[in-house]
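Listed below are the residues making up each chain.
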Amino acid sequence: MEALELSGRSVLVTGAHGLLGSWLVKALLERSAKVVALRRDEPVVSSLELLGLDGRVDVVHGDVCTDGLIARALNEYDVDSVFHLAAQTLVGTANRAPLSTFETNIRGTWLLLEACRLHGAERVIVASSDKAYGRQPELPYRESQPLLAKYPYDVSKAACDMLARSYWHTFELPVAVTRFANLYGGADTNQSRLIPEAVCAALAARAPVIRSDGSPERDFLYVEDAARAYLAIWEALGRGEGRGEAFNAGGGAPHRVGDVVALICRLAGTSVSPDVRGEGTPHGEIDRQWVDATKLHELTGWEPEVSLGDGLARTIEWYRAHPRACQRF
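Residues numbered from 1 in each chain as written. Predicted model: local features only at pLDDT ≥ 70, side-chain atom pairs only at ≥ 80, totals over all residues. Heavy atoms only, no water.

1. Overview of the nonpolar core
Where we set the bar: Buried Ala, Val, Leu, Ile, Met, Phe, Trp, Tyr and Cys residues that are joined via side-chain atoms within 4.5 Å together make up what is termed a nonpolar core. Using a 1.4 Å probe on the protein chains alone, a residue whose accessible area is under 20% of its type maximum counts as buried, one over 50% counts as exposed, and one in between counts as partly exposed. Runs of H or I in DSSP of at least four residues are treated as helices and runs of E of at least two as strands, each being numbered from the N terminus. Only heavy atoms matter for contacts: two residues are in contact if any of them lie within 4.5 Å across the pair.
Grouped together as the largest cluster of nonpolar side chains are 71 residues, with contacts concentrated most on Val13, Val25, Leu28, Phe83, Phe180, Tyr230 and Ile264. With nine residues, helix H8 (residues 223-238) is the single largest residue contributor to this core. Discounting chain neighbours no more than four positions away, the residues touching Phe83 are Val11, Leu12, Val13, Thr14, Leu24, Leu28, Ile125, Tyr230, Leu231 and Trp234. Counting 25 residues, the second-largest nonpolar core is a separate cluster that includes Val82, Leu112, Ala115 and Val177.

What follows is the structure in C-alpha cells.
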C-alpha cells in the first residue's frame, strides 16, 4: 500500500490500546496518518505503550457507550476513517456477565455507526470475529455461511456484524466487517489468551496451563498480517469495493491447542511441558474453528506472510526482549 494514501488523514481507532489496535496504529503511523485513539481504562500497561506509540497519538478518554463521545471525537479531530476494534473480548467474562458484554459490543457498535453516519465518515471497518459463525456443519468458515452464534460473546459479535452491514444497505455508510481468526504476537497484555500466557510461562520455565484437554483446533493469525489485512480492506473501500461485506482472514490452517503450546515450549528452549487441566472443550467455546480467506485475497491480494512457526518465534523473541510485559502473567 502506498504511504501517500494515508498521509495526513485523520483516523480514529477504537480499541487502540489492545493487541491488534496497537499494531494497526503502528502501521498507520508508519504511513503518516494522524491517529486518534479511544481509551476507556487506565491499565498499568497497554499494548500501545509497550510498542512505544502512546505519545504519538491523540487520545480521547471515555467509553464507546457514552452518548455523544464518538460524535465529538469525529468532529473535533475531523476524522474521515474509523477502525472500530473496541470490544469486550473475553468468552469467560461474557458468560459470567453477558449484559456488560452486550452493552459494550452491541450498543457501543450502534452508537459508533450512527455517529459515523451523521458525520459522513468516508470509510469504516468494524471488527466482528470468527466466533460469530458458531458451530458450522462445514469447515472452513466462508463468508456466505449464516451466522450460527449461540453463546453470549459469539452472539454479541454476530449482532455487531449484522448491525454494521445494515448501515451500508440502509444508509450507504461505506462500512466493511472483519471476521478474523485468533490473533497473536508481541505486546499482548490479555492474560486470558493462550499464546502470551504460554510464551511468558515458557520463558519463566514454568508449565503453560491449557484449560482444555488440548484437542480444540484454532486458526491463528499473526498480528502484523492482521494489520495489513485491515489496511487492504480500507484501500478496497476507497475504491468503492467491499462495502456492506464481511471478510475472513486467518493463518490458512487449524492447529490443535496442545500442539501450539508444545511448539512454544520447544521454540523457547525450555524443557517444561504443558499443564493440561481441562477435559474436552471448555463450556461456551467451539471445538474447531478455521476460516477461508479466499474472498479477501481475490479482492485485495492479501494473504498471510508469517507462518505459525515464524510468528511464534517472533513473539517469543519480543517477550524475551520486553520482560516487563510478562509481569502481567
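2. Regarding the state of the cysteines
Here is the rule: Cysteine sulfur atoms that pair up within 2.5 Å are treated as a disulfide.
Enumeration according to the criterion identifies one disulfide in this entry. The thiol of Cys65 is not disulfide-bonded; the next cysteine sulfur, from Cys160, is found 12 Å away. Here Cys265 is not disulfide-linked; the sulfur of Cys200 is the nearest cysteine sulfur, at 12 Å.

3. A few points about the sheet that holds strand S11 (residues 254-256)
Note the following rule: Note: two strands are recorded as paired if DSSP finds a minimum of 2 bridges between them. Working convention: axes come from line fits to C-alpha atoms, limited for helices to the stretch in contact. Angles between N-to-C directions cover 0 to 180 degrees.
Strand order across the open sheet formed by three strands is S7-S9-S11, with mixed pairing between neighbours. Looking at strand neighbours, the two that pair on one side only are strand S7 (182-184) and S11, the edges of this open sheet. Strand-to-strand twist across the sheet, computed as the mean angle between neighbouring axes with direction ignored, equals 55 degrees. Pairing of strand S9 (residues 217-222) with S11 involves three bridges; the strand directions are antiparallel. Across the sheet, Glu217 pairs through a bridge with Arg256, a residue of S11. Those strands touched by helix H9 (residues 257-267) are S9 and S11, and its axis lies near 75 degrees from that of S11.

4. Overview of helix H7 (residues 194-203)
The buried fraction of H7 amounts to eight of the 10 residues, a majority that puts the element mostly inside the structure. Of all the positions in H7, only Ile195, Pro196, Glu197, Ala198, Val199, Cys200, Ala201 and Ala202 are classed as buried. Close packing links the buried residues of H7 with S7, strand S8 (209-210), S9, H9 and helix H11 (308-321). After H7 finishes, the residue Ala205 shows a positive phi value of roughly 60 degrees.

5. As for the pattern of salt bridges
This is how it is decided: When a carboxyl oxygen of Asp or Glu lies within 4 Å of a side-chain nitrogen of Lys or Arg, that pair is called a salt bridge.
Going through the model one piece at a time under the given rule, you end up with 25 salt bridges. Of the charged contacts in the structure, one is a salt bridge between Asp41 and Arg40, with a shortest N-O distance of 3.0 Å. Notably, a salt bridge pairs Lys131 with Asp130, separated by 3.5 Å at the nearest N-O pair. Taking relative accessible area as the criterion, Lys131 reaches 14% and is therefore assigned buried.

6. With respect to the packing of aromatic side chains
Quick note on the threshold: Two rings from Phe, Tyr or Trp (for Trp, the six-membered ring) form a pair when their centres sit within 6.5 Å of each other. Planes less than 30 degrees apart are called stacked, planes more than 60 degrees apart edge-to-face, and all others tilted. Geometrically, a lysine NZ or arginine CZ counts as sitting over a ring once it is within 6 Å of the ring centre and also within 35 degrees of the ring normal.
Overall, the coordinates contain seven aromatic pairs when judged by the stated rule. Relative to Tyr230, the ring of Phe180 lies with its centre 5.1 Å away and its plane at 70 degrees, an arrangement referred to as edge-to-face. Note that Phe180 is positioned in strand S6 (residues 175-180) and Tyr230 in helix H8, a separation of 50 residues in sequence. Looking at Phe180, the relative accessible area reads 7%, which means it is buried. A relative accessible area of 1% places Tyr230 in the buried class. Judged by centre distance (6.4 Å) and plane angle (80 degrees), the rings of Tyr184 and Phe220 are edge-to-face. On the criterion of sequence distance, the pair formed by Tyr184 in strand S7 and Phe220 in strand S9 is long-range, its members being 36 residues apart. For Tyr184, a relative accessible area of 1% gives the class buried. A connected cluster of aromatic rings, assembled from ring pairs, spans Phe83, Phe180 and Tyr230. When the ring centre of Phe171 is taken as reference, the NZ or CZ atom of Arg117 above it lies at 4.8 Å.

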